[in-house]
Amino acid sequence: MAEETRIERPLSPFMIGPYYRPQLTSMSSILTRITGNALIVGTLLMVWWFLALAAGPEYFETAEWWITSWVGNLIMFGSLWAIWYHYLAGLRHLIFDAGKGLDIKTAEKLGWACIYGSVALTVATVIIYWI
Amino acid sequence: MRYLTDRKRAVGKGSAHTGAEHHWYMMVSSVALAFMVPTFLIIFGRALGSGYESALATFERPFPAILAGLTLFVGMQHFHKGARVMLEDYTSGTTRKLLIMLVVGLTYALTAAGIFGIAKIAL
């Protein structure tokens, strides 16, 4: 009969670097987390923009000046890429969850698809903004 | 010594007790967002930087207003559950609890503020 033993449960260790060599699969995975969490910054600016729009033209001018300043543009266009990357990586996650595409060759192809696809979609969206 | 099997001792003692529920919510919300986000990005991006009158004209219409509110709500729910997994991976104890509370509070505050703004514009 097994005894009840108290064990110190480890945190999930950070594997990349000391244990695993960086690979496309792990890098494209961690980038999903980074982009997803970083989107809070763009969301903050967006909510500020909506509140400013509701507040009236004078305040709106101040908010939009900041949000479309070069720092604001950097954050908003960065967020646009981040959202597309997270979008494609999320679709990849759904494919993986269905038990498909898990062999290394396909997984790496899907990783490149996320990277190139996110850049392509960002450029396409910016073109749509211009026209 | 208690005559319990290892399995019985382990049942119900998973780390969060609701792992599958969390994962399923992420799948449901991600599919919902996959449908909403592209249209929202185009509507919002075109309104951003277009000036007060034009931005107001966009979000006065029902479809952009509803889509913006819905995307913000589902997006923030998806965000806090995702951010929570990150916090559970890298932090522990009281720090973890406080950070999870902070993220949950922040996302609800952003949702409420955003929906208030959108409603005021649209109504």
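All of these numbers come straight from a predicted model, not from anything done at the bench.

1. Considerations on the overall build of chain A
Each helix and strand counted, chain A has four helices and zero strands in total. Listing every helix and strand of chain A by position from the N terminus yields α-α-α-α. Here the C-alpha atoms of chain A give a radius of gyration of 21 Å, more than 25% beyond the 14 Å that 2.2 N^0.38 yields for 131 residues. Each principal axis of the C-alpha distribution contributes one length, and for chain A these read about 75 × 40 × 30 Å. Across the 131 residues in chain A, those meeting the buried criterion constitute 35%. At a minimum sequence separation of 6, the contacts of chain A that also span at least 24 residues come to 63%. On chain A, roughly 8300 Å² of surface is accessible, and the fraction owed to carbon and sulfur atoms is 69%. In chain A, which carries 8 positive and 9 negative side-chain charges, the distance between the mean positions of the two groups comes to 15 Å.

2. A short note on the pattern of salt bridges
All names here are of chain B. Per the counting criterion, the structure on display carries three salt bridges over all chains. Across the salt bridge formed by Arg9 and Asp6, the nearest N and O atoms sit 3.8 Å from each other. Of this pair, Arg9 and Asp6 both sit in helix α1 (residues 6–10), separated by three residues, roughly a single helical turn.

3. With respect to the packing of aromatic side chains
In this structure the tally under the stated criterion is twelve aromatic pairs over all chains. Between Trp81 of chain A and Tyr85 of chain A the ring centres are 5.6 Å apart and the planes differ by 35 degrees, which places this aromatic pair in the tilted class. Note that Trp81 of chain A and Tyr85 of chain A are positioned in helix α3 (residues 70–97) at a spacing of four residues, about one turn of the helix. The buried category is assigned to Tyr85 of chain A, whose relative accessible area is 0%. Seen from the ring of Tyr25 of chain B, Lys81 of chain B lies directly overhead, with NZ or CZ sitting 5.0 Å from the centre.

4. Considering the interface of chain A and chain B
Opposite the 39 residues of chain A that make contact, chain B presents 53 residues. With both sides pooled, the region where chain A packs onto chain B buries about 3900 Å², and carbon together with sulfur makes up 74% of that total. Our count for the chain A to chain B interface comes out at one salt bridge. Arg33 of chain A is the partner of Asp89 of chain B in a salt bridge, and the nearest nitrogen-oxygen pair spans 2.9 Å. Our count for the contact surface shared by chain A and chain B stands at eight residue pairs in polar contact (both at pLDDT 80 or more). Of all the secondary structure elements, the ones that give two or more residues to the side of chain A that touches chain B are α1 (24–55), α2 (57–67), α3 and α4 (104–130) of chain A. Element by element, the count of residues in the side of chain A that touches chain B is highest for α1 of chain A, at 14 residues. Among the residues forming the side of chain A that touches chain B, the class breakdown is 27 nonpolar, seven polar and five charged.

5. A word on the side chain of His80 of chain B
Note that His80 of chain B resides in helix α4 (residues 62–90). When residues no more than four places from it in sequence are discounted, the contact partners of His80 of chain B are Val103, Val104, Thr107 and Tyr108 of chain B.

6. Things to note about the nonpolar core
Across soluble globular proteins, nonpolar side chains have a tendency to be buried as a group. Within the largest apolar cluster, 43 residues are counted, with the highest numbers of intra-cluster contacts made by Trp49, Phe50, Leu53 and Phe60 of chain A together with Phe44, Phe59 and Ile121 of chain B. Secondary structure elements with two or more residues in this core: α1, α2 and α3 of chain A together with α2 (19–47), α3 (52–60), α4 and α5 (93–122) of chain B. The residues touching Phe50 of chain A, leaving out its near neighbours within four places in the chain, are Phe44, Phe59, Ala68, Gly117, Ile118 and Ile121 of chain B.

7. Description of the side chain of Ser28 of chain A
Residue and element names in this part refer to chain A. Position of Ser28 relative to the elements: it lies in helix α1. A distance of 3.1 Å separates a polar atom in the side chain of Ser28 from the backbone oxygen of Thr25. Looking at Ser28, its side chain comes within polar contact range of the side chain of Arg92, at 3.0 Å. In this structure, Ser28 is in contact with Tyr85, Arg92 and Gly111, ignoring residues within four places of it in sequence.

What counts, and at which threshold
- Residues numbered from 1 in each chain as written.
- Chains lettered and ligands numbered in written order.
- Predicted model: local features only at pLDDT ≥ 70, side-chain atom pairs only at ≥ 80, totals over all residues.
- Heavy atoms only, no water.
- Helix = DSSP H or I, 4+ residues; strand = E, 2+ residues; numbered from the N terminus.
- Rg over C-alpha atoms; globule rule 2.2 N^0.38 Å.
- Buried < 20%, exposed > 50% of the residue type's maximum accessible area, 1.4 Å probe, protein only.
- Contact = heavy atoms within 4.5 Å.
- Areas by Shrake-Rupley, 256 points an atom, 1.4 Å probe, with all protein chains shown as cover.
- Lys, Arg positive; Asp, Glu negative; His and termini not counted.
- Charge placed at Lys NZ, Arg CZ, Asp CG, Glu CD.
- Salt bridge = Lys/Arg side-chain N within 4 Å of Asp/Glu carboxyl O.
- Phe/Tyr/Trp six-rings, centres within 6.5 Å; stacked < 30°, edge-to-face > 60°.
- Lys NZ or Arg CZ within 6 Å of the ring centre and 35° of its normal.
- Buried area = accessible area lost by both parts, 1.4 Å probe.
- Polar contact = N/O pair within 3.5 Å; in protein donor to acceptor, adjacent residues only side chain to side chain.
- Nonpolar A, V, L, I, M, F, W, Y, C, P; charged D, E, K, R; others polar.
- Core = buried A, V, L, I, M, F, W, Y, C linked by side-chain atoms within 4.5 Å.

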